[in-house]
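Chain and residue survey
Chain residues, written in single-letter form:
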Amino acid sequence: MNDLTVDGSNDVPHREITQKSLNDDVMSMIALPGKVWWAIFLLDLLVLGCALVGVRNLIVHGWGVSGFMRPVMWAVDITNFVFWVGIAHCGTLVSAVLFLFRSHFRRAVYRLAEAMTVFGVLTAAMFPAIHTGRPWFDYWLFPYPNQRQLWTNIRSPLEWDVFAVNTYLTVSSIFFLVGLIPDVAACRDRAKHPVMKLIYTLVSFGWTGANYQWKHFYGAYLFFAALATPLVFSVHSVVSWDFAMAQTPGWHSTLFAPYFVAGAIFSGVGMVIFLLVIVRKAFNLQHIVTIDHMEKLAKLVLLTSCMVGYSYLTEFFMAWYGPSKAERDLFVFRAFGHYWWAFWIMFSCNVIFPISLWFKSVRRNMTALLILSIFVNIGMWFERFVIIVTSLTRTFNPANWFYYHISLTECLLIVGSFAWFFMFFLVFLRVLPSFSIAEIKETLPMPKRRHG
């Protein structure tokens, strides 16, 4: 029996999906926002406004209002950057990689994951821009011919991030928009408001559902899926080289590229589960995103958690077994030094708590998955914090050792990044179809004729 028609648990009663009911269910999400949506959206804007006050303080008063100084010059800003780039990885994985491997469960979840990718990259891109201290000069980072004969330093990790993030944003956005075309055309045909009808008409690119259009659509989608797949492994590998190319204890490791990729997928799938649990409950879509879909995502979290845990143990072993005393002392400092609390939050949330996913009852419990997804992302944020802060506070020269405290301004930036992300996501829920109607219909039985 089709897994889109029966949930297979006591989450919702049996409910059959038809071609018409699927359209109605997904299109009903695109309606005039209610009071609850407006309340959440205005609260989000209020939090974002507070974060903008923090950005204003940084620009007007300089980086002295933050909690870091030499040698801890990356701290929370680059922690947030790496965290949000990791969040953005899951969309490409779920959409492109699983599409190439013909994993059908992706059809009910990939649209939301793709949107999360685009919004995550837009959030991540802000932090290198803010971190330069003079964001109005950030266009200097791009290698373009100019009358001042300024040429960017290609050896700088800041330049690697510029190329990696902009490439990822461009390909992911195109991939996201191409997949939207058939569903946006359906929105166009139902739209009543002239402005929304015009927007849907532009985004649907004249889609009529003709045979030749479907042929070109699937050809283009396959091409962009193949183009986007290497980005899953390349973008966060480039981000990891920001650290691995340095001689700083705790950074100089060949393990960082696969370690960062696994961690990015781990945190990204955790965020997808968090969003899906809320959306499917808020809009009563348990018959579309079933517990079977959620369980498969939970298995992906379990797999990547094992990979991240293995990477942690490999790091500890190599620090103990290797010849560098500075490396060995750093890992002892991480576990038992000033930042022991951050290390054990990271290890508990990323390795210990996900062990519960070995039990099927936990994987199929939405409340447990929601709580666990929150812990996963807390743990992954602290992982980036531990990697950056502990290594910079304990460099080779003891005279440069420094104890870093997070300032109120940096806390506002952390909270504001989530407000920035959810601002885009809330608008997406009310403007564009959050689930792929066209692909889900491929899993439904053909409609029967009225007379036999």
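Refer to the structure above for everything that follows.
For the structure given in this document, a descriptive report is provided here. (Residues numbered from 1 in each chain as written. Predicted model: local features only at pLDDT ≥ 70, side-chain atom pairs only at ≥ 80, totals over all residues. Heavy atoms only, no water.)

What about the overall build of the chain?
From N to C terminus, the chain includes 17 helices and zero strands. Taking 2.2 N^0.38 as the reference for a compact globule, 452 residues should give roughly 22 Å; the C-alpha atoms of the chain span a radius of gyration of 23 Å, in line with that estimate. Based on the C-alpha atoms only, the size of the chain along its principal axes is roughly 85 × 60 × 40 Å. Every one of the 452 residues in the chain was classed for burial, and the buried ones make up 54%. (Helix = DSSP H or I, 4+ residues; strand = E, 2+ residues; numbered from the N terminus. Rg over C-alpha atoms; globule rule 2.2 N^0.38 Å. Buried < 20%, exposed > 50% of the residue type's maximum accessible area, 1.4 Å probe, protein only.)

A look at the pattern of salt bridges
Taken as a whole and assessed by the stated rule, the structure comprises nine salt bridges. For the salt bridge of Arg-111 with Asp-183, the shortest nitrogen-to-oxygen distance reads 3.0 Å. With Arg-111 in helix α5 (residues 110-124) and Asp-183 in helix α7 (residues 157-190), this pair connects stretches of sequence that are 72 residues apart. Classification of Arg-111 by relative accessible area gives buried; the value is 1%. For Asp-183, a relative accessible area of 2% corresponds to the buried category. Of the charged contacts, one joins Arg-188 and Asp-189 as a salt bridge, the two residues approaching to 3.1 Å between their closest N and O atoms. Judged by its relative accessible area of 14%, Arg-188 falls in the buried class. For Asp-189, a relative accessible area of 55% gives the class exposed. (Salt bridge = Lys/Arg side-chain N within 4 Å of Asp/Glu carboxyl O.)

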